[in-house]
Amino acid sequence: MSDKTTITGSPAQSRTRTLTLTGLMTAVLCILGPFSIPVPISPVPLSLTNFAVYITVYLLGMKSGTVSVLLYLCLGTAGLPVFSGFGGGLGKLAGPTGGYLIGFLFLALIQGFLMERFPERRPADIAGMVSGLAVCYAFGTLWLAWQLHLTPAAALTAGVIPYLPGDAVKIILAAVVGPKLKARIGKV
């Protein structure tokens, strides 16, 4: 064994594995992102995108998880129908829900940072998801308020408050499923 060999194999194998998982999780984001349920009181649909981001970061960590989210955003901005409601293009990113889409980058960074800073600690995982989601919501709410000429309170009422119970369920589910998937993927 050379000095550059790791437990999982050579550095080249490790890079290939990371690239493969990054592409796979980008595909998962692209598959789950379009499926959404319109909410009658809001221009923001209910989607599984943030759940997919949580799982992506569990499996890839901060750096590769954020790259995966960035690739998802680039594919959607290029016109692929990967955003909610099978939308895509720059118009979707620049529309009322664009702030939430950009916020997913910060969600990945914050969740990944806390998970890497405090490895194998579920409270840190949950704190990372909650903190990241709060920043995502801040971007989304400000953007929604600006786009639709709403007060911040009205934007919160339309774009955040109806989603909090579902987001709590997604965070709990991700905190349960994420470590198990990570352990399974680590054994592959």
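These numbers come from a predicted model, not from an experiment.

Conventions and cut-offs
- Residues numbered from 1 in each chain as written.
- Predicted model: local features only at pLDDT ≥ 70, side-chain atom pairs only at ≥ 80, totals over all residues.
- Heavy atoms only, no water.
- Helix = DSSP H or I, 4+ residues; strand = E, 2+ residues; numbered from the N terminus.
- Buried < 20%, exposed > 50% of the residue type's maximum accessible area, 1.4 Å probe, protein only.
- Contact = heavy atoms within 4.5 Å.
- Polar contact = N/O pair within 3.5 Å; in protein donor to acceptor, adjacent residues only side chain to side chain.
- Phe/Tyr/Trp six-rings, centres within 6.5 Å; stacked < 30°, edge-to-face > 60°.
- pLDDT = per-residue confidence, 0-100.
- Core = buried A, V, L, I, M, F, W, Y, C linked by side-chain atoms within 4.5 Å.
- 1 Å grid on protein atoms, 1.4 Å probe; cavity = no way out; pocket = protein on both sides within 12 Å on 5 of 7 lines; lining within 4 Å.
- Points joined across faces, edges and corners; volume = space filled by probe spheres on them.
- Nonpolar A, V, L, I, M, F, W, Y, C, P; charged D, E, K, R; others polar.
- Axes fitted to C-alpha atoms, helices over the stretch in contact; angles between N-to-C directions.
- Parallel < 35°, antiparallel > 145°, perpendicular 65-115°, else oblique.
- Left-handed = near helix turned anticlockwise from the far one by under 90°.

**Concerning the environment of Thr22**
Part 1 of the reasoning: As for its position among the elements, Thr22 is in helix α1 (residues 11-32).
Part 2 of the reasoning: Exposure remark for Thr22: the relative accessible area of 7% places this residue in the buried category.
Part 3 of the reasoning: Separated by 45 residues in sequence, Thr22 and Val67 place their C-alpha atoms 7.6 Å apart.
Part 4 of the reasoning: When residues no more than four places from it in sequence are discounted, the contact partners of Thr22 are Leu60, Ser64, Val67, Ser68 and Leu71.
Part 5 of the reasoning: One polar contact links the side chain of Thr22 to the main-chain carbonyl oxygen of Thr18, over a distance of 2.7 Å.

**Thoughts on the packing of aromatic side chains**
Part 1 of the reasoning: Following the criterion strictly, the structure yields five aromatic pairs and no others.
Part 2 of the reasoning: Aromatic side chains Tyr100 and Tyr137 sit 6.2 Å apart centroid to centroid with 85 degrees between the ring planes, which places their arrangement in the edge-to-face category. Of this pair, Tyr100 sits in helix α4 (residues 98-117) while Tyr137 sits in helix α5 (residues 122-148), and the two are 37 residues apart along the sequence. For the pair formed by Tyr100 and Tyr137, the shared burial category is buried.

**What about the confidence of the model for the protein?**
Do not read the predicted coordinates in detail wherever pLDDT is low.
Part 1 of the reasoning: For the protein, mean pLDDT is 91; residues scoring 70 or higher make up 94% of the total.
Part 2 of the reasoning: Considering each helix and strand of the protein separately, the mean pLDDT is smallest for strand β1 (residues 36-37), with a value of 88, and largest for helix α2 (residues 49-77), with 97.
Part 3 of the reasoning: A low-confidence stretch, residues 1-7 stays under pLDDT 50, and its non-local contacts, those more than four residues away or across chains, total two contacts.

**Digging into the nonpolar core**
Part 1 of the reasoning: In terms of nonpolar packing, the biggest core is built from 41 residues, with Val53, Tyr54, Val69 and Tyr72 touching the most fellow members.
Part 2 of the reasoning: Elements supplying a minimum of two residues to this core: α1, α2, α4, α5, α6 (152-159) and α7 (164-186).
Part 3 of the reasoning: Not counting chain neighbours up to four residues away, the residues in contact with Val69 comprise Leu29, Val53, Phe104, Leu105 and Ala108.

**Some remarks on empty space enclosed by the protein**
Part 1 of the reasoning: Within this structure, the stated rule accounts for one cavity of 30 Å³ or more.
Part 2 of the reasoning: Taken as a whole, the largest cavity spans an internal volume of roughly 290 Å³.
Part 3 of the reasoning: Along the wall of the largest cavity there are 22 residues; nearest its centre are Val44, Pro45, Ser47, Tyr100 and Phe104.
Part 4 of the reasoning: Among the elements of the structure, β2 (46-47), α2, α4, α5 and α7 are those that each provide at least two residues to the lining of the largest cavity.
Part 5 of the reasoning: Across the lining of the largest cavity, the residue classes tally to 12 nonpolar, seven polar and three charged.

**Brief notes about the packing of α4 against α5**
Part 1 of the reasoning: Interhelical geometry of α4 versus α5 gives an angle of 160 degrees and a closest axis separation of 7 Å. With respect to their mutual orientation, α4 and α5 come out roughly antiparallel. The way α4 lies across α5 gives a crossing that is right-handed.

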